[in-house]
Each structure stands twice: as C-alpha cells, then as structure tokens.
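Here is what each chain is made of, one letter per residue.
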2 protein chains.
Amino acid sequence: MKERTLDSEEIFKGRLLHVKRDRVAMPDGSEGVREWIDHPGASAVVPVLPGGKVVMVRQFRYGPDRTFLEIPAGKFDGGEAPEAVALRELEEETGYRAGKLEVLGVLYNAVGYSNEAIHVFLGTELVKTEQALDEGEFLEVEIHDLRELIEKAGAGDLQDMKTAAGLLMAGSRMGRARG
Amino acid sequence: MKERTLDSEEIFKGRLLHVKRDRVAMPDGSEGVREWIDHPGASAVVPVLPGGKVVMVRQFRYGPDRTFLEIPAGKFDGGEAPEAVALRELEEETGYRAGKLEVLGVLYNAVGYSNEAIHVFLGTELVKTEQALDEGEFLEVEIHDLRELIEKAGAGDLQDMKTAAGLLMAGSRMGRARG
C-alpha cells in the first residue's frame, strides 16, 4: 500500500509549522499529491500524585479558540529523548519533577496530514519544584482526581484527544496492574 | 487566558491543508504569532457488528510513512452534519451502513496547531452494502474482536490516536451500560 515520494516541495517553514507538498506514486501507479506537516514529535505525561490525584493544566488554544483541560505536554526541540522532553515540559508547566516515567504509548494524532507522534508517559514519584513557563505561555495548574478524570475521558467529556487517550491508557494500565 | 486576533494572513490554501498565520494579543498585552491549520472537522465511527466484532480499515499514511489499523473516518466536505459524514465514510470505506449512531465524544486532535475536531461515534445495526473508495484511496477492511482491540488500545498498541481514543471510549460506554 506504500506511496513512493517522487519529489518534495517546501511550502512554508514558520516558527512552528513546517508544511510540505509532495508528488507521490500511488500503489496503482497513478500520481498523487500529499500536503503534510513535518513535525518533530512531542511528549505528554499523565502525572499522578500519591493518593490518586493528577496534575493537569488548563490552557487557551488559539486554533480551537477555547481552553482545554490537558495533561502537560510539549514538542521535541533538537535531538532530545522523549523521556527528557516529558520531564522538562512537566516541570516547566507545573513545577513538578517526576521520579519515574513509564511509557503508555506512542500515538500519531493526525495521520492524514502530519507525521507528529506523541510519546505518552505515566509520571509518578512527583517532587515539587518550580514552574518555569516559556515566554508567551499562559496556563493554570489544576489538581484533579484520577478516577474522575478517567470517567470523564471515557464519557467524552475531556475534549483534548491526547489527554483523553492518555488518561484512558493510564486507567487501563492500572486495571491490568490490579489484575 | 484568551488570545485576541489582531490580523490573519493566509499562508497556503492547498487541496487539503489551509495554513494561516495570525498576529495575536496575548493575555498580558504582549504580541504573539500563531501559525495554525484551519480544518473543516471530521467524523470517525467505531462500527460494531453483532457478536462484538469491529469493522476496521488498514491504511498507508504518507506523513508517518507507515500503515495504521484505524476506525473508519473522513473529513467534512461542505455543510454536512457530523452524523452524515460518519455514515458516508463508514459506508464508502467498508461497505457497511450503520442503522444507529451514538456520540462517543468530540475530540480535538492537535490543539497546538489546528482547529480540527473529530466527532467520534459508536455505530451499530450494521447492514452490508458496497464499498466505494474515493480515487487515490487505498485501504483494506479487517474484522477484529472488540474486546481485543480495547485491550490493545489500553496497552498503547494501536498507534492512531483517534482509533485508540474511540475504542477506549466505546469500552468505557459498554462498561457503564453493564452497570
């Protein structure tokens, strides 16, 4: 089913978005065009405090034009390992350092037009440090109950997809751990 | 926390992608730049046959450069209702018509750079009709066990994010229905 690249054109290289348009050979030999975002990847963490509370962030998102309750996350920046990005973004956004990270999954969030993969971790053994937001980053830290969040995600009431998927994978892992 | 649009520039209007760059006023009064994809939205369906089997599609995705096992899905095209898009894409991609659709959730899959919202449905009362793929669309229909898929999604083994989230929301709904 593979599509073979015939040539690739750079459409836009902005501060954030890198847009490409490629001419491709389709599986049946015909020619097609693929417009896509070349993305460095990202990490996200479900950070769980002792007692089953989760450190979440509420953030305004310009494209959707609304706020979302989200798990902490951020983009790769250079050649960092996914774990390093997860730890850095968690600490910068919330002021918590995770002593332990476990992989929940690596999920592609926009397969039709982006190569972005989001590495989703479960973060535990949290220690309070200092929040250090980037310039132009505005968010509020909120502590929520893990069980309630998993229920909300299951009911479709958490509308950021990485957050819903991350919490439901965390819930599934805890269910498996309980046997 | 809202960011106010000062002006909006069209960077690229392709066949698929519509890229914009806006100048915005940040909550603290400073000025920022937001690059984003203006997306019409999409619908996806978890189509469940009697007996707990799911109609899935396997598809090569150019950006990630690999195939994914996915729930059927497609973009809005004009002023259609999300339900209509879900029914159309399910039938075109798999050759099954759903007699019943229930909303599982509306999830934003790339809040940092897109306004895309994916309306995720549970589709039941399926009737076999005819597959009718779009030109340039190549995919294989596969029938899988719902319970196994939900387990795989929970373990991070289904890497398309809408598919993982949709299956886990379906699992959560069935858990609630069982009481």
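Computed from a predicted structure; not experimentally measured.

### Brief notes about helix H3 (residues 161-178) of chain B
For step 1, the next point in the chain: The end-to-end C-alpha separation of H3 of chain B is 26 Å, in line with the 26 Å expected for 18 residues at 1.5 Å each.
For step 2, the next point in the chain: If you check which residues of H3 of chain B are buried, you get Met161, Lys162, Thr163, Ala164, Ala165, Gly166, Leu167, Leu168, Met169, Ala170 and Gly171 of chain B.

### Focus: the interface of chain A and chain B
For step 1, the next point in the chain: Contact residues are listed per partner, giving 68 residues for chain A and 68 residues for chain B.
For step 2, the next point in the chain: Surface buried jointly by chain A and chain B totals about 5,800 Å² across both partners, of which 67% is contributed by carbon and sulfur atoms.
For step 3, the next point in the chain: Applying the counting rule to chain A against chain B returns 2 salt bridges.
For step 4, the next point in the chain: Residues Lys2 of chain B and Asp65 of chain A are paired through a salt bridge, measuring 2.6 Å at the closest nitrogen-oxygen approach.
For step 5, the next point in the chain: Where chain A touches chain B, the interface holds 23 residue pairs in polar contact (both at pLDDT 80 or more).
For step 6, the next point in the chain: Here the side of chain A that touches chain B gets 8 residues from one element, more than from any other, and that element is helix H3 (residues 161-178) of chain A.

### Points about the relation of the copies chain A and chain B
For step 1, the next point in the chain: Superposing chain A onto chain B takes a rotation of 180 degrees plus a shift of 0.0 Å along the axis, which leaves an RMSD of 0.0 Å. The operation mapping one copy onto its partner corresponds to a two-fold rotation axis. In terms of C-alpha distance to the rotation axis, chain A has Ala165 of chain A as its closest residue, with the C-alpha 2.4 Å off the axis.
For step 2, the next point in the chain: Most of the interface of chain A is mirrored in chain B, where 100% of its interface residues again form contacts.

### Some thoughts on the sheet that holds strand E3 (residues 31-37) of chain A
Residue and element names in this part refer to chain A.
For step 1, the next point in the chain: Ordered in space as E1-E2-E3, the 3 strands form an open sheet in which the pairing is antiparallel. Each end of this open sheet is capped by a strand with a single partner; those strands are strand E1 (4-13) and E3. For this sheet, the mean inter-axis angle between neighbouring strands, taken without regard to orientation, is 20 degrees.

### Considerations on the domain arrangement of chain A
All names here are of chain A.
For step 1, the next point in the chain: Splitting chain A by domain gives domain 1 (4-38) and domain 2 (42-178).
For step 2, the next point in the chain: In this complex, domain 1 contributes 5 residues to the contact, which on the side of domain 2 involves 4 residues.
For step 3, the next point in the chain: When residues of domain 1 are sorted by the area they lose upon contact with domain 2, Leu16, Trp36 and Ile37 head the list and together hold 73% of the total.
For step 4, the next point in the chain: Scanning the region where domain 1 abuts domain 2 turns up 0 salt bridges.

### Here's the deal with the nonpolar core
For step 1, the next point in the chain: Membership of the largest hydrophobic core comes to 52 residues, with the highest contact counts inside it found for Val46 and Leu167 of chain A together with Val46 and Leu167 of chain B.
For step 2, the next point in the chain: Listed in part, the 12 residues of the second largest apolar core include Phe12, Leu17 and Ala110 of chain A together with Phe12 of chain B.

### Some words on the packing of aromatic side chains
For step 1, the next point in the chain: Under the criterion given, the structure shown has 4 aromatic pairs over all chains.
For step 2, the next point in the chain: Between Tyr62 of chain A and Trp36 of chain B, the aromatic rings sit 6.0 Å apart at their centres with planes inclined by 85 degrees, giving edge-to-face as the arrangement. Here Tyr62 of chain A is found in the loop between strand E5 (53-61) and strand E6 (66-70), whereas its partner Trp36 of chain B is found in strand E3 (residues 31-37) on a different chain. The burial state of Tyr62 of chain A is the same as that of Trp36 of chain B; both residues are buried.
For step 3, the next point in the chain: Taking the centre distance of 5.0 Å and the plane angle of 65 degrees together, the rings of Tyr108 of chain A and Phe68 of chain B count as edge-to-face. Linking Tyr108 of chain A in strand E8 (residues 96-108) with Phe68 of chain B in strand E6 (residues 66-70), this pair reaches from one chain into another.
For step 4, the next point in the chain: A relative accessible area of 1% means that Phe68 of chain B is categorised as buried.
For step 5, the next point in the chain: Above the face of the Tyr96 of chain A ring, Lys128 of chain A is positioned so that its terminal group lies 4.8 Å from the ring centre.
For step 6, the next point in the chain: Its end group placed over the ring of Phe68 of chain B, Arg66 of chain B keeps NZ or CZ at 4.0 Å from the ring centre.

### What about the pairing of E1 of chain A?
Residues and elements named next belong to chain A.
For step 1, the next point in the chain: Sheet analysis places E1 next to strand E2 (residues 18-25), joined by 8 bridges and oriented antiparallel. Paired with Lys13 across the two strands is His18, which belongs to E2.
For step 2, the next point in the chain: In textbook terms, the turn of a hairpin is the stretch between consecutive antiparallel strands, and for E1 and E2 this stretch comprises 4 residues.

The rules behind each value
- Residues numbered from 1 in each chain as written.
- Chains lettered and ligands numbered in written order.
- Predicted model: local features only at pLDDT ≥ 70, side-chain atom pairs only at ≥ 80, totals over all residues.
- Heavy atoms only, no water.
- Helix = DSSP H or I, 4+ residues; strand = E, 2+ residues; numbered from the N terminus.
- Expected span 1.5 Å × (residues − 1).
- Buried < 20%, exposed > 50% of the residue type's maximum accessible area, 1.4 Å probe, protein only.
- Contact = heavy atoms within 4.5 Å.
- Buried area = accessible area lost by both parts, 1.4 Å probe.
- Salt bridge = Lys/Arg side-chain N within 4 Å of Asp/Glu carboxyl O.
- Polar contact = N/O pair within 3.5 Å; in protein donor to acceptor, adjacent residues only side chain to side chain.
- Least-squares fit on C-alpha atoms with pLDDT ≥ 70 in both.
- Pairing = 2+ DSSP bridges.
- Axes fitted to C-alpha atoms, helices over the stretch in contact; angles between N-to-C directions.
- Domains from an automatic or database assignment.
- Core = buried A, V, L, I, M, F, W, Y, C linked by side-chain atoms within 4.5 Å.
- Phe/Tyr/Trp six-rings, centres within 6.5 Å; stacked < 30°, edge-to-face > 60°.
- Lys NZ or Arg CZ within 6 Å of the ring centre and 35° of its normal.

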